[in-house]
Every structure is written in structure tokens, then in C-alpha cells.
Amino acid sequence: MPADARPVDVRSAIASQMPRAKSELAQLVRFTSVHDPGQFPVEECTGAAQWVQRAFVDAGIPDVQLIETVDGSLAVVGSRPARAGAPTVLLYSHYDVQPPGDGKLWDSKPFELTERDGRWYGRGSADCKGNVIMHLLALRALGESLEVGVRIVCEGSEEMGTGGLEALVEQRPELFSADMVVIADTGNAQVGWPTVTTTLRGIANVVVHVETLAGEVHSGMYGGPAPDALAALVQVLSTLRNEHGDTVVDGLDGTQTWDGVEYDAEQFRADAGVLDGVGLAGSGSVAEAVWARPALTILGIDCPPVVGSAAAISPRASARLNLRVPPGMDPQRAQDALVAHLEARTPWNARVTVEREAIGSPFRAGTDGPGYAALSEALEEAFGHPMGTAGQGGSIPLCNALAQVLPDAEIVLMGVEEPRCRIHAPNESVDPTEIEKMAVAEALFLQRLAGSDS
């Protein structure tokens, strides 16, 4: 900061901008920016990208461009150079959103920002358009006092997982060069408690097909000795969980522990919408189960539907399986183990075919650098509580792509998406106090990183 410049009171500056933040989030939520032309017009994603481009130019990033990626999405990429000797920070977010699903399950229109009980509802209000607004608030609060270099990356296809931005990282790594990377696509453990995400689970999905008969046969004439493909599939799937509900795949360790913030079981029940009287699966803590251990989910089953089903034995059945892989576990090895388990455990020598889907590696962030130290101080000042660390059960492939091209950069995951946001579900919402305080923390962090905190 120049010697004659006055330090910026970022807390007051951001508080005064909150009405504008709400208006801008409403504008951005209005775009039905689902990166799937089969569901929504391509023009909606284009419009959202152009809106983001203009907004960051207005927030003081002079060079912002739209770059088409290999999956057809538009990445919003911009930069502002650092003043002499200051580091550069990359601020990431994404403007595409999950489909809204059945609109009847929403209490208000999915693409109209609606306030209820102090929260702002709408698809993308938290994931991840609320994080776009967080970045804008922080940058506008600092204005010309900003000394660190800033790179802006706002993705257009994150929710579809089609890999456009990861390909751009590989093709043009110079666009992403930074000393510190802030991935704004996670959130605090609960409202008001600052939390950074330090681990992400990877993914190793498969589709398993079981065949036993040449065709359907009458269950009255052949039921009993005739091998039922659906029953065989059910039986092998049942071997993937033990009596406690833990995921058990032959050859995979499922005993990892978690040393960050805990996830209260009752809070988890409320966040996940667990029905009264229904127990939680697994023998470890919730934090261990969702952040540190492998987890197998049956995503779908192909079999005769109940309505219209006949008295016949199924000759074939299939299931798509989602295996979440914790940090420290190789996803290829995990997928190999899952395939071998399915082949070995399917009964009656039924014919088994396993299709492998693309794997995704888990991620673990380093937390011993100067960037993390500056961020920890900033978050504690903004929220009045010490920073905690959490994991996330989901996968963000971009983290590993950036880690490969920026081996010396610190990578942090944070944002406005606390559990009550119910991202990806009907009635997604954001707490505006989270947007405000996270923006304050980000602004303070950028000041501290340049040695210019007020």
C-alpha cells in the first residue's frame, strides 16, 4: 500500500454493499445456467458468463475474457497484476448450476431469488453464485488499495463434470499461475463458524451387469432353482456393507480416522433429512464416515418396475455404483478392488460384467504455508471464532489439475455453502450473513497477504 494511502475498513465497505449484493445475486440466479442444452437453452449459460465478465471488470479486474473450453462451456478468466513484490492469488468460482429438479418440491420459483426467514432461496444462490458475489464484494471493498495480484476463474460446466476447465488448465497453464489458490465452492461447518476444507474424496464408479437366463421365465413354473438375476444382484450388493452399515470392499481399508472439526450426529441428521427413528449407517463418527473413509452408494438399478411387473424371473439386472475414495487411497486401486469384489461375490456363478467409469483422485491440501496463516487470521477476525478444518465427501477434479501445474502454490477451499444451504436439492438457499462475513474474511486475507491489513 502506498505510504500516504489510508487503510480500508473492509467490514463497513462490505456491509454497505449488501443491498447491491442481493440485487446482483438475484440477477445471476435468474439465469437458468445448467450446462446441458437438452434441458435449458445454451444462451442462458452464455448470458451468465457475460454477466460475470462485466461484474468482475466493474470490480477492478481490467482484463477479463471468455474462453470456450473443449466441452463447449465458457470460462470467465481475468487478471490484475500485483504491485512490486506482492504475491498473486487465484479466486475460483463457477456460474453453472445443478438442474432444479421437480419444481413442485420448491416453495418458491427455483430461478427467482426469494427471501424467507432471513435466508435467500434459489438455485445457485449458494452453489456457486453466492461465492461469485463473495468475490465481488471483497474486490470492490479493497478497490485501488489492492496490492496482491488477482486472477479470476469462473467455470461454466463444473456441475456437469465434463472437464472443460481441467482441459484448459492443461492447455494454457499460464492463465492460472498463482502463489495461492482460493477455491470458493465449499463452506463453513455451520453458520458463523469459519471452516476451510482440507480434504476431498475421489471417485471410482462402476456399472455392474448380472445375467443368469436366456430370457424371462414364469416364476410359478421355474421359481426356486432358476437363478434370478435380480436376486443375484441384490445379494452381491448386500456384501458391500456390513451389519453396521460400514462400506466393506475386499482389499480396501475402511478404518481411517479424522482429526479436524467434528460433525455432530444430530446436526448431520437434520442436514441430511434423516427420518425420525431411522439410524445412521456406520460404526465410526460422522466426520470419519463422510470425510475420511471409503463410501459405496448404489446410484441406480435397472430391473422391472413394480407397476406393470409380471410373474417372471429376471434374466438380467444392472446397477450403477458410486465409490467415494478418501485421501491417501489410490482411486485406480480402489476401483480394481471393487471390480474384483463384485466378480468374486456374485452368487451361483452368474455371468458378471463390470463397466469402469472414469476415476477421480482425492485431494489433501497443505496447511503449513504463509497463505493459510494469513487466511486463518482473517477468518478469525471476520467471524470472531478460530478457523476450523473439515473435509468434503464430494470431488472437485480442478483441485488436482491445479496442484499438478502449480506444485508450489497453496490451495484452500472455502465459501458460503454451509449445510443448511441444501445445495443440489430443492429449496437451495444461502445465509446472507455468510456471504458478508466470508467476503470480509477474503478481503482481510488479501490485505494480510500483501502485508497491508488495517
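Residues numbered from 1 in each chain as written. Predicted model: local features only at pLDDT ≥ 70, side-chain atom pairs only at ≥ 80, totals over all residues. Heavy atoms only, no water.

Chemist: Quick one: what's the story with the overall build of the chain, residue by residue and with numbers?
Modeler: Helix and strand counts for the chain stand at 12 helices and 18 strands. For 454 residues, the compact-globule formula gives about 22 Å, and the C-alpha radius of gyration of the chain, at 24 Å, lands near that figure. Across the 454 residues in the chain, those meeting the buried criterion constitute 53%. Residue pairs in contact within the chain that sit at least 24 positions apart in sequence constitute 81% of those at least 6 positions apart. Element-wise, carbon and sulfur atoms account for 50% of the exposed surface of the chain, whose accessible area totals about 19,500 Å². (Helix = DSSP H or I, 4+ residues; strand = E, 2+ residues; numbered from the N terminus. Rg over C-alpha atoms; globule rule 2.2 N^0.38 Å. Buried < 20%, exposed > 50% of the residue type's maximum accessible area, 1.4 Å probe, protein only. Contact = heavy atoms within 4.5 Å. Areas by Shrake-Rupley, 256 points an atom, 1.4 Å probe, with all protein chains shown as cover.)

Chemist: Would you mind going over unusual backbone geometry in detail, with residue names and values included?
Modeler: The phi angle of most residues is negative, glycine excepted, and most peptide bonds adopt the trans form. Residue Cys128 follows Asp127 across a cis peptide bond; omega there is 10 degrees. In this structure, Arg422 is a non-glycine residue whose phi angle is positive, near 50 degrees.

Chemist: Describe the environment of Pro347, naming the residues involved and giving the relevant values.
Modeler: Structurally, the position occupied by Pro347 is in the loop between α9 (331–345) and β14 (351–360). The exposure class assigned to Pro347 is buried, which follows from its relative accessible area of 9%. In sequence terms Pro347 and Pro227 are 120 residues apart; their C-alpha atoms lie 9.2 Å from each other. Apart from residues no more than four positions distant in its own chain, Pro347 is found in contact with Ala232 and Gln235.

Chemist: Give a detailed account of the nonpolar core, specifying residues and quantitative values.
Modeler: Ranked by internal contacts, the top residues of the largest apolar core, which has 94 residues, are Leu139 and Phe445. For this core, the element with the most residues is helix α12 (residues 432–449), which contributes 10 residues. The next biggest cluster of nonpolar side chains, apart from the first, holds 26 residues, and it includes Leu237, Leu240, Leu296 and Leu321. (Core = buried A, V, L, I, M, F, W, Y, C linked by side-chain atoms within 4.5 Å.)

Chemist: Can you lay out the UniProt feature "domain: Peptidase M20 dimerisation" (unreviewed entry) in the chain for me, pointing to particular residues and giving the numbers?
Modeler: Within this numbering scheme, the UniProt entry marks residues 200–348 as carrying the feature "domain: Peptidase M20 dimerisation" (unreviewed entry). Annotated as residues 200–348, this span is 30% helix and 22% strand, and its ends, taken at the C-alpha atoms, are 38 Å apart. (UniProt positions renumbered as here; feature names shortened; annotations may be inferred.)

Chemist: Residues and numbers for the sheet that holds strand β11 (residues 295–302), please.
Modeler: Sheet strands pair by backbone hydrogen bonding; their relative direction is either parallel or antiparallel. Spatially, the 4 strands line up as an open sheet ordered β11-β13-β9-β14, and their pairing is antiparallel. Whereas interior strands pair on both sides, the edge strands pair on one side only; in this sheet they are β11 and β14. Across this sheet, the average inter-strand angle for adjacent strands is 20 degrees, counted without regard to direction. As judged from the 8 bridges shared by strand β9 (residues 202–211) and β14, these two strands associate in the antiparallel manner. Paired with Ala204 across the two strands is Ile359, which belongs to β14. Where helix α6 (residues 229–238) meets the sheet, its contacts fall on β9, β11 and β13 (316–325), and the angle it forms with β13 comes to roughly 15 degrees. The strands touched by α9 within the sheet are β9, β11, β13 and β14, with β14 carrying the most contacts at an inclination of about 165 degrees. (Pairing = 2+ DSSP bridges. Axes fitted to C-alpha atoms, helices over the stretch in contact; angles between N-to-C directions.)

Chemist: I'd like a rundown of the pairing of strand β6 (residues 149–155), residues and numbers included.
Modeler: Counting buried residues along β6, 6 of its 7 residues qualify, which places the element largely inside the surrounding structure. Pairing of strand β2 (residues 74–80) with β6 involves 5 bridges; the strand directions are antiparallel. Bridge assignment links Ser79 to a residue of β6, and that residue is Arg151. Where strand β3 (residues 88–94) meets β6, 7 bridges bridge the pair, whose relative direction is parallel. Looking at the pairing, Leu90 lines up with Arg151 of β6.

Chemist: Can you break down the pattern of salt bridges residue by residue, with the values?
Modeler: One pass over the full model with this rule turns up 17 salt bridges. The partner of Arg123 in a salt bridge is Glu428, and the shortest N-O contact between them spans 2.8 Å. Here the residue Arg123 occupies a position in the loop between β5 (119–121) and α3 (129–142), and Glu428 occupies one in the loop between β17 (410–414) and β18 (429–430), the gap between them amounting to 305 residues. On the accessibility criterion, Arg123 (0% relative accessible area) is buried. A relative accessible area of 1% places Glu428 in the buried class. Of the charged contacts in the structure, one is a salt bridge between Arg356 and Asp336, with a shortest N-O distance of 2.7 Å. One end of the pair, Arg356, is in strand β14; the other, Asp336, is in helix α9, and 20 residues separate them in sequence. Taking relative accessible area as the criterion, Asp336 reaches 34% and is therefore assigned partly exposed. (Salt bridge = Lys/Arg side-chain N within 4 Å of Asp/Glu carboxyl O.)

Chemist: Help me get a handle on the sheet that holds strand β4 (residues 114–116), residues and values and all.
Modeler: Ordered in space as β4-β5-β18, the 3 strands form an open sheet in which the pairing is antiparallel. If you trace the sheet from one side to the other, it starts and ends with β4 and β18, each paired once. Sheet topology note: the β5/β18 ladder contains 2 bridges and is antiparallel. Paired with Tyr121 across the bridge in β18 is Ser429.

Chemist: Account for the packing of aromatic side chains, naming residues and giving values.
Modeler: According to the stated counting rule, one finds 4 aromatic pairs in the structure shown. Look at Phe40 and Phe111: their rings are 5.9 Å apart centre to centre, the planes differ by 70 degrees, and that puts the pair in the edge-to-face class. Of this pair, Phe40 sits in the loop between α1 (10–29) and α2 (42–58) while Phe111 sits in the loop between β3 and β4, placing them 71 residues apart in sequence. Taken individually, Phe40 and Phe111 each receive the classification buried, so the pair is uniform in this respect. Members of the aromatic cluster, connected to one another through ring pairs, are Trp258, Tyr263, Phe268 and Trp291. The ring of Tyr121 carries Arg116 above its face, with NZ or CZ at 3.8 Å from the centroid. (Phe/Tyr/Trp six-rings, centres within 6.5 Å; stacked < 30°, edge-to-face > 60°. Lys NZ or Arg CZ within 6 Å of the ring centre and 35° of its normal.)

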